[in-house]
Amino acid sequence: MKKHMYIKKMWNIACLSLLSAGLFISSSVHAQDEQPTQEMYTDTIPGTEVSFDMMLIPSGEFLMGSPESEENRSEDEGPQHRVAVEAFWMGKYEVTFDVFEIFREIDRDKDTTRIPGATYTADAVTRPSPPYEDPTFGMGKYGYPAGSMTQYSALRFCKWLWEKTGNFYRLPTEAEWEYAARAGTETAHFFGEDASQLDEYGWHYKNSDETFHKVGEKKPNPWGLYDLYGNVSEWCLDQYQADFYAGFVDSMHINPWRRPSTLYPRTVRGGSYDDDPEELRSANRISSRDKWKERDPQIPKSFWWNTDSPFVGFRLVRPAKEMTEEEIRLFWRRALDE
């Protein structure tokens, strides 16, 4: 119990320290730097045959948020403002249980890493605690999105994945997520104004049979990303702040990020199989709540699992601009208090 309380306390302190970190989301480098030419790559977890695909998202500028005229718009989606984003790689699919379970189950994780001094060796203990309930709720496992986890759990997975593969992975910012989802469009959906086409691109409450589905069964967006709308909502790095956009209207902002200062609320994007179709829009913002783990009877409640949110998962991002190992280690020390 004391250990669990310590982890939670340290996570809150780490969130505060991120206010001065600024190690991986630059505010001084323009988004028109030289970009990679490879449109996609596949990364394989060392010691396994499990792999995942990453798509190149080119640098550029876009109009973030929604206009007041957009149907089903919420006030927190405005005012619209210009944003520049540096190039990055983004997961072709939402992270699946195939990948996450290697991190979760120590017996499946071979003692093979690409980063010297990695903490996630075969006898490591910093892994998700046993969940109170089956995190899949019987909806599907292999090939299905990994859900029911906290943002902390997703970040821990990202750190483990960096140590295993040697590539720095993290969660996307809100700006990166929306930029990737829009794929150069300015309409409510990346496929245009005709909302009747939504069933071709995403799982929502009216077509999902109240369950998430295998990734990649719907059509992708123009940049080759699947399930951005629906299936499971996706964690972002940002603290949720309803009026965050208010300070951005007078100038161009580069790689904006609302750095966390409290545990709740954080931001998720994209909507899920459990949301009405109106929620599945590029600009829609969703705030996390402590009720997402309301039925967890443990005292204190799990810091790894959200008992009541199988509808929330995540997608990986890797900055195209390489960082040094020292910079990455400093980021993780500050983000996870290590």
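Whatever comes next refers back to the structure up there.
Analysis parameters
- Residues numbered from 1 in each chain as written.
- Predicted model: local features only at pLDDT ≥ 70, side-chain atom pairs only at ≥ 80, totals over all residues.
- Heavy atoms only, no water.
- Phe/Tyr/Trp six-rings, centres within 6.5 Å; stacked < 30°, edge-to-face > 60°.
- Helix = DSSP H or I, 4+ residues; strand = E, 2+ residues; numbered from the N terminus.
- Buried < 20%, exposed > 50% of the residue type's maximum accessible area, 1.4 Å probe, protein only.
- Axes fitted to C-alpha atoms, helices over the stretch in contact; angles between N-to-C directions.
- Parallel < 35°, antiparallel > 145°, perpendicular 65-115°, else oblique.
- Contact = heavy atoms within 4.5 Å.
- Nonpolar A, V, L, I, M, F, W, Y, C, P; charged D, E, K, R; others polar.
- Pairing = 2+ DSSP bridges.
- Patch = residues over 30% accessible without salt bridge, like charges linked within 9 Å, V, L, I, M, F, W, Y side chains within 5 Å.
- Areas by Shrake-Rupley, 256 points an atom, 1.4 Å probe, with all protein chains shown as cover.
- Salt bridge = Lys/Arg side-chain N within 4 Å of Asp/Glu carboxyl O.
- Lys, Arg positive; Asp, Glu negative; His and termini not counted.
- Charge placed at Lys NZ, Arg CZ, Asp CG, Glu CD.
- 1 Å grid on protein atoms, 1.4 Å probe; cavity = no way out; pocket = protein on both sides within 12 Å on 5 of 7 lines; lining within 4 Å.
- Points joined across faces, edges and corners; volume = space filled by probe spheres on them.
- Left-handed = near helix turned anticlockwise from the far one by under 90°.
- Polar contact = N/O pair within 3.5 Å; in protein donor to acceptor, adjacent residues only side chain to side chain.

Peer 1: In this structure, what is going on with the packing of aromatic side chains? I would like to understand it.
Peer 2: Aromatic ring pairs: the centre-centre distance and the angle between the two ring planes describe each pair. Enumeration according to the criterion identifies 28 aromatic pairs in this entry. Seen in terms of ring centroids, F100 and F157 are 5.5 Å apart; in terms of plane orientation they differ by 35°. Their pairing is tilted. On the criterion of sequence distance, the pair formed by F100 in helix α2 (residues 97-104) and F157 in helix α3 (residues 151-165) is long-range, its members being 57 residues apart. A ring pair is formed by F212 and Y273, whose centres lie 6.0 Å apart and whose planes are at 85°; its orientation type is edge-to-face. With F212 in the loop between α4 (174-182) and β6 (233-239) and Y273 in the loop between β8 (266-269) and β9 (285-287), this pair connects stretches of sequence that are 61 residues apart. The class of Y273 is buried, set by a relative accessible area of 5%.

Peer 1: Would you take a moment to explain the packing of α2 against α3 for this structure?
Peer 2: A pair of packed helices is captured by two measures, namely the crossing angle of their axes and the spacing between those axes. The geometry of α2 relative to α3 is characterised by a closest axis approach of 10 Å and an angle of 80° between their N-to-C directions. One element, α2, and the other, α3, form an angle in the roughly perpendicular class. Contacts between α2 and α3 involve V99, F100, I102 and F103 from the former and S153, R156, F157 and W160 from the latter. Among the residues forming the contact of α2 with α3, the class breakdown is 6 nonpolar, 1 polar and 1 charged.

Peer 1: How do you make sense of the sheet that holds strand β7 (residues 253-254) when you look at a structure like this?
Peer 2: Within a sheet, adjacent strands bond to each other through the backbone by hydrogen bonds, running parallel or antiparallel. As summarised here, the arrangement of the 3 strands in space is β3-β4-β7, forming an open sheet in which the pairing is mixed. The open sheet has two edge strands with one neighbour each: β3 (60-64) and β7. Against the sheet, α4 touches β3 and β4 (81-85), its axis set at about 95° to β3.

Peer 1: Quick question: what am I supposed to make of a negative patch on the surface here?
Peer 2: A grouping of E71, D209, E210, D274, D276, E278 and E279 is seen on the molecular surface, where their side chains present a negatively charged patch. Inspection of the secondary structure assignment puts D274 in the loop between β8 and β9.

Peer 1: It is not clear to me how empty space enclosed by the protein should be interpreted in this structure. Could you clarify?
Peer 2: Here the idea is plain: a probe the size of a water molecule rolls over the atoms and shows the empty space left. Evaluated as defined, the whole model comprises 4 cavities of 30 Å³ or more. Of the pockets and cavities examined, the largest cavity occupies roughly 130 Å³. Contributing to the lining of the largest cavity are 14 residues, with T150, Q151, W235, L263 and Y264 lying nearest its centre. Along the lines of polarity and charge, the residues of the lining of the largest cavity split into 7 nonpolar, 4 polar and 3 charged.

Peer 1: Sorry if this is basic, but what is going on with the environment of Y144 here?
Peer 2: As for its placement among the helices and strands, Y144 is situated in the loop between α2 and α3. C-alpha separation for the pair Y144 and V215, spaced 71 residues apart in sequence, amounts to 5.7 Å. Dropping the residues within four chain positions of it, Y144 is found in contact with V95, T96, F97, D98, M139, F212, H213, K214 and V215.

Peer 1: In this structure, what is going on with the packing of α3 against helix α5 (residues 325-336)? I would like to understand it.
Peer 2: Look at α3 against α5: their axes get within 12 Å of each other, and the N-to-C directions meet at 155°. When the axis of α3 is compared with that of α5, the two are roughly antiparallel. As for the relative orientation of α3 and α5, their crossing is left-handed in sense. Contacts from Y152, L155, R156, C158, K159 and W162 in α3 reach E325, I328, R329, W332 and L336 in α5.

Peer 1: What should I look at first to understand the side chain of S233 in this one?
Peer 2: Tracing the backbone shows S233 in strand β6. For S233, a relative accessible area of 2% puts it in the buried group. At a separation of 3.3 Å, a polar atom in the side chain of S233 contacts the main-chain carbonyl oxygen of G271. Beyond its immediate stretch of four places on either side in the chain, S233 contacts V268, R269, G271, S272, D275, I286, F311, V312, G313 and F314.

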